[in-house]
Each structure stands twice: as C-alpha cells, then as structure tokens.
Amino acid sequence: MYLSRFLSIHALWVTVSSVMQPYPLVWGHYDVCKTQIYTEEGKVWDYMACQPESTDMTKYLKVKLDPPDITCGDPPEAFCAMGNPYMCNNECDASTPELAHPPELMFDFEGRHPSTFWQSATWKEYPKPLQVNITLSWSKTIELTDNIVITFESGRPDQMILEKSLDYGRTWQPYQYYATDCLDAFHMDPKSVKDLSQQSVLEIICTEEYSTGYSTNSKIIHFEIKDRFAFFAGPRLRNMASLYGQLDTTKKLRDFFTVTDLRIRLLRPAVGEIFVDELHLARYFYAISDIKVRGRCKCNLHATVCVYDNSKLTCECEHNTTGPDCGKCKKNYQGRPWSPGSYLPIPKGTANTCIPSISSIGTNVCDNELLHCQNGGTCHNNVRCLCPAAYTGILCEKLRCEEAGSCGSDSGQGAPPRGSPALLLLTVLLGTASPLVF
C-alpha cells in the first residue's frame, strides 16, 4: 500500500515538473561565488561568476511625478466613469484616505477589492495637453530579467513613451513608443516585438498593440524583455548558453537590459474617439493600479547579495572587488586590470578575480599558517605584526632594549641567540615570501 502511494506521489511530481519545465527561470544559475575543492595541494577556493537572484525591484525604487501637483484630490474633484461621460459621481479627495489616490498605490500589494491606484487630475484645462512624467529611480544600476508590466485602472493612454536612463537620470533614451496611431503620433510605422530578429533586437519600435480599449482585460501595457531574450535562447528560453554568450560579447545588448532609472511619459489619455469631448473633460485622466519591474542589482558577476540599507542598494562584493557595482579592484588587489565576471563557460562561468598588486606582495608579512607573529604578537590584515611593548621587528622577533643597546643582565630581558634556528628560518621565509604569494 505504501509503495503504491509513493509511486502515485512520484508520478504526480513528475507530471507537475514536466508542466513547469517549459518556462524555466530566465536567470537560474550563478548563485555561488566560490566553493572549496580538494586538490593535490590540499583544500583551496574555486571561484565562479555569481549574481544576485532576480526579485521585485519596485520594493526599492523612488517615484517622482512631473508636474508634482498632477495627482488628483487637492482640491477634491469629481471624475466620470471611463466610457460613460454621464456617470460622474466618483470623487478624488487627498484628505480622505478612502478617496485618495497617491503615487505609492502604484506599487502596493494588489489583490484587494476595490483595487488601489494612483490617479491624475482630469483634463479640465483643454486644449492644454494633459501630460505626466512618472520617474522610477533606484540610485543603483539594475539588470532587467522579466517584462515591465503597467496596469491601468483607466483606459490605456492613446500616446505614451517608456524611457530608460543609464546615468541616474542625466540623459534618457526611448525604450518603446505606444500609440493608437503610431504614424500620426510619432511618425513611425507600427511594429510588434514579433517583427524583430536577432539582428534588430535593439530596434526602438512603436506599437499599437497596447493602446486601445476600456475593457477589464485590456488595461495592461508590456515592455517585452523575455521575447527579446527568446531571439537568442529560443521560444522557451532553453538555450541560455547562447543568450549568456551574447551578453558576454555584446556590450550594446547587455546595456539594453540595464537601467538606473525608468520614465513613463503619459502624453495623451485614453480618448476613445478622434475628437476630445470638451463638454465632458472630467472623463479624461490617467490611473495606474500596478507597475511590475523585475530584475537584479548589477554586480558585474562578482556578488550574490545586494543589501538595501539607508534607502540604498549596494552589492556585497566578492572576488577582491569593491564599489556599488563591484566595478573595481580592492586596494592592494590591482595586480591586473579589473574585469567583470563572465557567464561562460556554462554553468560556472569565469570569476575574473582581482589578484594582489606586486607592490603589496612584500607587505604581506604575516599570516596564521606560515609566518606567525612571535612573542605574543598578533597579525593585522597580513600587513604587519602588532607587538607587545617589549618587542619589535617584522615578526616581533626582537627585543626593544636590544635595538637601543640597553639590554643587560639586570634588565630581566635576555637577547635571543644570534644564530638561532628560528632566526635562520625567519630569514629564509622573508626572503621567499614574495614569490610564494602568487
């Protein structure tokens, strides 16, 4: 009976696993920076390329609206139901929590009913354009690993641009244009990601796919990251080695999926017809219930942990690297130029660790295995011995009174024999310390 039950459970697990397999995690490797292995010389560190796991990056962002007073509710105002200009009994009031729609509601937990959302003021100042910039900032370089998804509570805008920055908002580049009529709005022919290829994957397109409709199932706008990955990794992202190889060798491709900031430029609200109804301007506004941005801290394949402290993300760097993105070698570890880790060869990649500087090798005069500090001294950062008051020297091997010529029979301190084996061993070790570090 127990055997049959076990076989049934095993069969169920195999079935579930097979269903889940077609869509593996896009970034499922490189979760360990180093591991200990045994060699003929003994136990040593084996270093590997590594990166933090993909996560919900909206938990760490700061949001800014421009104009800053564009959020509805101050003063309170009524707005109409989308698609019905005669149902104008909805109210936005910033002073009443149940009726307020502040920006943070774009990133709160979804699933509640009624849904929470940010909302702009209505288009009552026509013909002045109702335009809003929503800037998402991380103060950290991040790598996108999944589609950017924006869910509107209102109708999707007739015109919108998604932009990115790689220099903390100093300069901006378009990611994608969205419009009900791309040719009229942006002088671009409409395209979808399916029209692209490996050769044109970096092309900036205008799509009409996400810019119409008021129905419940037509409130979402995508920026398709995974579809672009699929040009290299296959439709089910099985051939990750191909994608990793492209990311390693093509900086423009790597930079395409890397951002410090995102900006959503809302240029024209959902109108639903060719002309704006000037008699019912309270029906035109923007409302966003959810924004999803999934990614990871960029650590140049030198860290698996990214800590969030004092409203700031920072990589916990390995491989003797340092900096917010592990973008340089630590002091005394600049024996060769810094280099990012490499995804290849699969599955461990190449760590490209920083190695000790030649100028720092001679200062590595003590450790806890071979070059012990003597006479109670302690080794400080492998650089020097901290000696007791009565001793001095590189390894605390000398009496201070000996250097001063004041050691005597009445001092209570005896000088060590000049030709002692300890001093001979010390001389040999210090003479060979430099080449042994490598």
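Just so you know, these numbers come straight off a predicted model, no measurement behind them.

## Looking at the pairing of strand 17 (residues 306-309)
Looking at chain direction, strand 17 and strand 18 (residues 312-315) are connected through 4 bridges and run antiparallel. Bridge pairing in strand 18 links V307 to T314. The turn linking strand 17 back onto strand 18 is made up of 2 residues, and N310 within it adopts a positive phi angle of 55°.

## As for the nonpolar core
Counting residues in each nonpolar core, the largest one holds 61 residues, and the members touching the most others are W118, I134, W138, L266 and I291. Per-element tally for this core: the top contributor is strand 8 (residues 132-144), with 6 residues. If we ignore the near neighbours within four places in the chain, the residues touching W138 are M57, Y60, L61, T260, D261, L262, V293 and L313. In this structure, Y177, C182, C206 and L267 belong to the second largest nonpolar core, which totals 8 residues.

## Considerations on the side chain of D255
Structurally, D255 can be placed in helix 5 (residues 251-256). Here K251 takes part through its side chain, which lies 2.6 Å from a polar atom of the side chain of D255. Those residues in contact with D255 that lie beyond four places of it in its chain are K164 and L166.

## Remarks on the packing of helix 3 (residues 225-233) against helix 4 (residues 240-249)
Between helix 3 and helix 4, whose axes approach to 7 Å, the crossing angle comes to 100°. Relative to helix 4, helix 3 is oriented roughly perpendicular. Contact with helix 3, carried on its side by F229, F232 and A233, involves M240, S242, L243 and Q246 of helix 4 and no other residues of that element. In the contact of helix 3 with helix 4, the residues fall into 5 nonpolar, 2 polar and no charged.

## Considerations on the pairing of strand 10 (residues 159-165)
Burial analysis of strand 10 places 6 of its 7 residues in the buried class, the great majority of the element. As judged from the 6 bridges shared by strand 10 and strand 11 (residues 173-179), these two strands associate in the antiparallel manner. Its bridge partner being in strand 11, E163 is matched across the sheet by P174. Bridge count between strand 10 and strand 14 (residues 258-268): 7 bridges; the pairing is antiparallel. Opposite M160, over in strand 14, you have L266 as the bridge partner.

## Digging into unusual backbone geometry
Residues D66 and P67 are joined by a peptide bond in cis, for which omega reads 5°. A cis geometry characterises the amide bond from L344 onward to P345, with omega recorded as -5°. Checked against the element boundaries, P345 lands in the loop between strand 20 (328-329) and helix 6 (358-361). Of note, N300 is a non-glycine position whose phi angle comes to about 55°, a positive value. Here N300 is to be found in the loop between strand 16 (294-297) and strand 17. Classification of N300 as buried rests on a relative accessible area of 15%.

## Details of the layout of surface pockets
Taken as a whole, the second largest pocket encloses approximately 420 Å³ of empty space. Lining the second largest pocket are 19 residues, and of these I70, A121, T122, E125 and L130 lie nearest its centre. Residue composition of the lining of the second largest pocket, by class: 9 nonpolar, 4 polar and 6 charged.

Conventions adopted
- Residues numbered from 1 in each chain as written.
- Predicted model: local features only at pLDDT ≥ 70, side-chain atom pairs only at ≥ 80, totals over all residues.
- Heavy atoms only, no water.
- Pairing = 2+ DSSP bridges.
- Helix = DSSP H or I, 4+ residues; strand = E, 2+ residues; numbered from the N terminus.
- Core = buried A, V, L, I, M, F, W, Y, C linked by side-chain atoms within 4.5 Å.
- Buried < 20%, exposed > 50% of the residue type's maximum accessible area, 1.4 Å probe, protein only.
- Contact = heavy atoms within 4.5 Å.
- Polar contact = N/O pair within 3.5 Å; in protein donor to acceptor, adjacent residues only side chain to side chain.
- Axes fitted to C-alpha atoms, helices over the stretch in contact; angles between N-to-C directions.
- Parallel < 35°, antiparallel > 145°, perpendicular 65-115°, else oblique.
- Nonpolar A, V, L, I, M, F, W, Y, C, P; charged D, E, K, R; others polar.
- 1 Å grid on protein atoms, 1.4 Å probe; cavity = no way out; pocket = protein on both sides within 12 Å on 5 of 7 lines; lining within 4 Å.
- Points joined across faces, edges and corners; volume = space filled by probe spheres on them.

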